[in-house]
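Next come the chains, spelled out residue by residue.
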Amino acid sequence: MRIFVDGDAFVNLLKPIIFRQIERLRIETFVVSNKHITIGKSKLISYIIVEQGADEADNHIVELVKDGDLVITADILLADRVIAKDAHAIDHRGELYSIDNIKQYLAMRNLMEKIREGGEMTRGPKPFNQKDAHRFANQLHKFLTKYCKN
């Protein structure tokens, strides 16, 4: 298993959490973004910078991801694409996307998009906080305990 981090919107509070797990379990990790970001210096982490563009990082992740890999992303469309390749996805707030729930998340995302296109003002997500980071850490630990073969 490898980890792919959708780096373009990766939350700073999560960097030490994922870095500790990468080092502890010796997991090959790829951080893919269209700008330079870092989650820490390690021989296990490769940083891939893609061209500017809305879905360039997502497309690159989908191209590289394989069955059993984990993708960390807040992008529901990317999560759907990697799940279709029998990979796994966890969002920044600790939600584990699966074949059982991804269509529900996509439907809600699409509904909210249509509402916004109709001119309705909607609130964005709540600000990310320490409680979200804690949920993410718990979900990541639970996932890695179950799936990591190291």
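About the thresholds
Residues numbered from 1 in each chain as written. Predicted model: local features only at pLDDT ≥ 70, side-chain atom pairs only at ≥ 80, totals over all residues. Heavy atoms only, no water. Buried < 20%, exposed > 50% of the residue type's maximum accessible area, 1.4 Å probe, protein only. Helix = DSSP H or I, 4+ residues; strand = E, 2+ residues; numbered from the N terminus. Arc of directions from axis to C-beta. Contact = heavy atoms within 4.5 Å. Pairing = 2+ DSSP bridges. Axes fitted to C-alpha atoms, helices over the stretch in contact; angles between N-to-C directions. Phe/Tyr/Trp six-rings, centres within 6.5 Å; stacked < 30°, edge-to-face > 60°. 1 Å grid on protein atoms, 1.4 Å probe; cavity = no way out; pocket = protein on both sides within 12 Å on 5 of 7 lines; lining within 4 Å. Points joined across faces, edges and corners; volume = space filled by probe spheres on them. Nonpolar A, V, L, I, M, F, W, Y, C, P; charged D, E, K, R; others polar.

Attention now moves to helix α1 (residues 15-25). Those residues of α1 lying buried are Lys15, Ile17, Ile18, Gln21, Ile22 and Leu25. Taken around the axis of α1, the buried residues stretch over an arc of 165°, which confines them to a single face. On the buried face of α1, the contacting elements are β1 (3-6), β2 (29-33), β3 (45-49), β4 (70-72) and α5 (130-147). Once α1 finishes, Arg26 follows within two positions and takes phi at roughly 60°, a positive value.

We now examine the sheet that holds strand β5 (residues 88-90). Pairing in this open sheet of six strands is mixed, and the strands run β3-β2-β1-β4-β5-β6 from one edge to the other. Every interior strand has two partners, whereas the edge strands, β3 and β6 (96-97), have only one. With two bridges connecting them, β5 and β6 associate as antiparallel partners. Bridge pairing links Ala89 to Tyr97 in β6. Where α5 meets the sheet, its contacts fall on β4, β5 and β6, and the angle it forms with β5 comes to roughly 160°.

Next up on the list: the packing of aromatic side chains. Evaluation of the coordinates by the stated rule reveals two aromatic pairs. When the ring of Phe4 is compared with that of Phe30, the centres are 5.1 Å apart and the planes differ by 15°; the resulting orientation is stacked. Of this pair, Phe4 sits in strand β1 while Phe30 sits in strand β2; the two residues are 26 residues apart in sequence, bridging distant segments of the chain. In this structure Phe4 comes out as buried when scored by relative accessible area, which is 0%. Their ring planes at 35° and their centres at 4.5 Å tell us that Phe143 and Tyr147 sit as a pair that is tilted. Of this pair, Phe143 and Tyr147 both sit in helix α5, separated by four residues, roughly a single helical turn.

Turning next to the layout of surface pockets. When its volume is computed, the second largest pocket comes out at roughly 200 Å³. For the second largest pocket, the full set of lining residues is Ile83, Ala87, His88, Leu96, Tyr97, Ser98, Ile99, Gln139, Lys142, Phe143, Lys146 and Tyr147. For the lining of the second largest pocket, the elements supplying multiple residues, two or more each, are β6 and α5. For the lining of the second largest pocket, the class distribution of residues is seven nonpolar, three polar and two charged.

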